[in-house]
Amino acid sequence: FVKKSDPRSALVGEPFARYRYDKTRAAQLFAEGGWTRSADGPLMGADGRQVQIETRGGNQTWAQEVALIADYWRQVGIDAQELVPTPALSRDNEFSSTFPGVVIRARSSGDRMLVAFDSRLQATQQNRWDSLIDRLEATVDVRENGAVLLEVGQLFEADLPALPIYFRTAYAAMRKGVKALTDVASSGMAAT
C-alpha cells in the first residue's frame, strides 16, 4: 500500500497480505461459496449455471490486460466476458462508476490511488471514502497520516474495492549527465 521507504509503512503494514496466490485455497473458497467444478471443467454456481464475470477495461488502453486476465479466469472455469469500452463510453460517468464485474485499470500507487474512491469525482455517492480521504489530506503528522492509511488499508481488506494484481513498468532513458528526469527517479523509479 505504501513503499517500505515511506515513514508511514511501519504504521500501515500490508493490508493485502492475506490475499496470497494460492490455487488450492481459492478452490476451497469457491466451494464454500457454493461454486463447484463440473465434470467437463466449468465452474458452476449453486444455481447450476456457469459462473460469469464481466471483465472490463477502464478504456481501450487496457485491452491486452483485460484479455490476459479474462483468459486466466476461463482457465479456472469462469465464463469471463471481455468488455473494452469505446472512448465515448469510457467518458460516461454513470457507465464508469457502475459495473457488474471488475475493471482493469491503473490508479497510481500508494495513497495517490485513493482518487479513484473519491465519490465527489464519481457519479455515485459514498461518504465513507470521502471522509478518510479528507482526513488523509488534512493531516501532516506522519503518525496521524499513517493511522489514517491503516484505516484505509483495513477498509480495503474488508470490502476489497480494489486488489492490486500487477504493476506496469515504465522506463525513461537519458544520456549520462542529463538531470531533466530527477523527479522521476525520486518517485521510485531507478535512475541509471
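Participant: When you look at the sheet that holds strand 5 (residues 102-104) in this model, what are you seeing that I'm missing?
Facilitator: The strands making up a sheet associate through hydrogen bonds between their backbones, and the pairing can be parallel or antiparallel. With parallel pairing, the 3 strands of this open sheet are ordered in space as 4-3-5. Each of the sheet's edge strands pairs with one partner strand only, and the pair in question is strand 4 (79-83) and strand 5. In this sheet, neighbouring strand axes are inclined to one another by 30 degrees on average, regardless of whether the strands run parallel or antiparallel. For strand 3 (residues 52-57) and strand 5, the ladder comprises 3 bridges, and the chain directions are parallel. Following the sheet pairing, Gly-57 is matched in strand 5 by Ile-104. Packed onto the sheet, helix 3 (residues 63-75) meets strand 3, strand 4 and strand 5 and runs at close to 170 degrees relative to strand 4.

Participant: I'm lost on the environment of Thr-86 in this one. Help?
Facilitator: By the secondary structure assignment, Thr-86 is in the loop between strand 4 and helix 4 (87-90). By relative accessible area, Thr-86 is classed as partly exposed at 43%. Taking the C-alpha atoms as reference, Thr-86 lies 9.8 Å from Gly-58; in sequence the two are 28 residues apart.

Participant: What is the right way to read the side chain of Thr-55 from this model?
Facilitator: Tracing the chain through its elements places Thr-55 in strand 3. Residue Thr-55 is classed as buried on the basis of its relative accessible area, which comes to 0%. For Thr-55, the contacting residues outside a window of four places in its chain are Val-66, Ile-69, Ala-70, Trp-73, Ala-80, Gln-81, Glu-82, Leu-83, Val-102 and Ile-104.

Participant: Help me understand the side chain of Arg-56 in this model?
Facilitator: Mapped onto the elements, Arg-56 comes out in strand 3. On the basis of relative accessible area, Arg-56 is assigned to the buried category, the value being 5%. Engagement of the side chain of Arg-56 in a polar contact is seen with the backbone oxygen of Phe-95, the distance being 2.9 Å. Excluding residues within four positions of it along the chain, Arg-56 makes contact with Val-66, Leu-83, Pro-85, Phe-95, Thr-98, Phe-99, Pro-100, Val-102, Val-103 and Ile-104.

Participant: Any chance you could explain the nonpolar core here in plain terms?
Facilitator: By size, the foremost hydrophobic cluster in this structure holds 15 residues, and its most contacted members are Leu-114, Phe-117, Val-152 and Phe-156. At the level of elements, helix 6 (127-138) and helix 7 (142-159) are the ones that each hand at least two residues to this core. Sort the elements by how many residues they give to this core and helix 7 lands first, with 5 residues.

Participant: Whenever I open this one, helix 3 confuses me. Can you help?
Facilitator: Because an α-helix packs 3.6 residues into every turn, residues spaced three or four apart end up facing the same way. If you check helix 3, its first and last C-alpha atoms are 18 Å apart, about what 13 residues at 1.5 Å a residue would give, namely 18 Å. Buried residues in helix 3 make contact with strand 3, strand 4 and strand 5. Immediately beyond the C-terminal end of helix 3, within one or two residues, lies Gly-77, with a positive phi of roughly 100 degrees.

Participant: What is the right way to look at the packing of aromatic side chains in this model?
Facilitator: How two aromatic rings sit relative to each other is set out by the distance from centre to centre and by the angle between their planes. By the definition in use, this model includes 1 aromatic pair. Measuring from centroid to centroid gives 5.2 Å for Phe-30 and Trp-35, while their planes differ by 35 degrees, and the two rings are tilted. Residue Phe-30 is classed as partly exposed on the basis of its relative accessible area, which comes to 25%. Since its relative accessible area comes to 31%, Trp-35 is described here as partly exposed. Its guanidinium or amino end placed over the ring of Phe-95, Arg-56 lies 3.8 Å from that ring's centre, counting from NZ or CZ.

Participant: Would you explain the pairing of strand 3 in this entry?
Facilitator: Side-chain direction in a regular strand flips from residue to residue, so the side chains alternate between the two faces of the sheet. Alignment of strand 3 against strand 4, held across 5 bridges, turns out to be parallel. If you follow Gln-52 over to strand 4, its bridge partner there is Asp-79. Taken together, strand 3, helix 3 and strand 4 form a β-α-β motif whose crossover is right-handed.

Participant: What's the story with the pattern of salt bridges in this structure? I'm lost.
Facilitator: Oppositely charged side chains are able to pair whenever their charged atoms sit close together. Enumeration according to the criterion identifies 6 salt bridges in this entry. For Glu-32, the salt bridge identified is with Arg-25, shortest N-O distance 3.5 Å. The salt bridge involving Arg-135 is made with Glu-151; its shortest N-O contact spans 3.1 Å. One end of the pair, Arg-135, is in helix 6; the other, Glu-151, is in helix 7, with 16 residues separating them in the sequence. On the accessibility criterion, Arg-135 (39% relative accessible area) is partly exposed. Classification of Glu-151 by relative accessible area gives partly exposed; the value is 33%.

Criteria and thresholds
Residues numbered from 1 in each chain as written. Predicted model: local features only at pLDDT ≥ 70, side-chain atom pairs only at ≥ 80, totals over all residues. Heavy atoms only, no water. Pairing = 2+ DSSP bridges. Helix = DSSP H or I, 4+ residues; strand = E, 2+ residues; numbered from the N terminus. Axes fitted to C-alpha atoms, helices over the stretch in contact; angles between N-to-C directions. Contact = heavy atoms within 4.5 Å. Buried < 20%, exposed > 50% of the residue type's maximum accessible area, 1.4 Å probe, protein only. Polar contact = N/O pair within 3.5 Å; in protein donor to acceptor, adjacent residues only side chain to side chain. Core = buried A, V, L, I, M, F, W, Y, C linked by side-chain atoms within 4.5 Å. Expected span 1.5 Å × (residues − 1). Phe/Tyr/Trp six-rings, centres within 6.5 Å; stacked < 30°, edge-to-face > 60°. Lys NZ or Arg CZ within 6 Å of the ring centre and 35° of its normal. Right-handed = clockwise from strand over helix to strand, strands pointing away. Salt bridge = Lys/Arg side-chain N within 4 Å of Asp/Glu carboxyl O.

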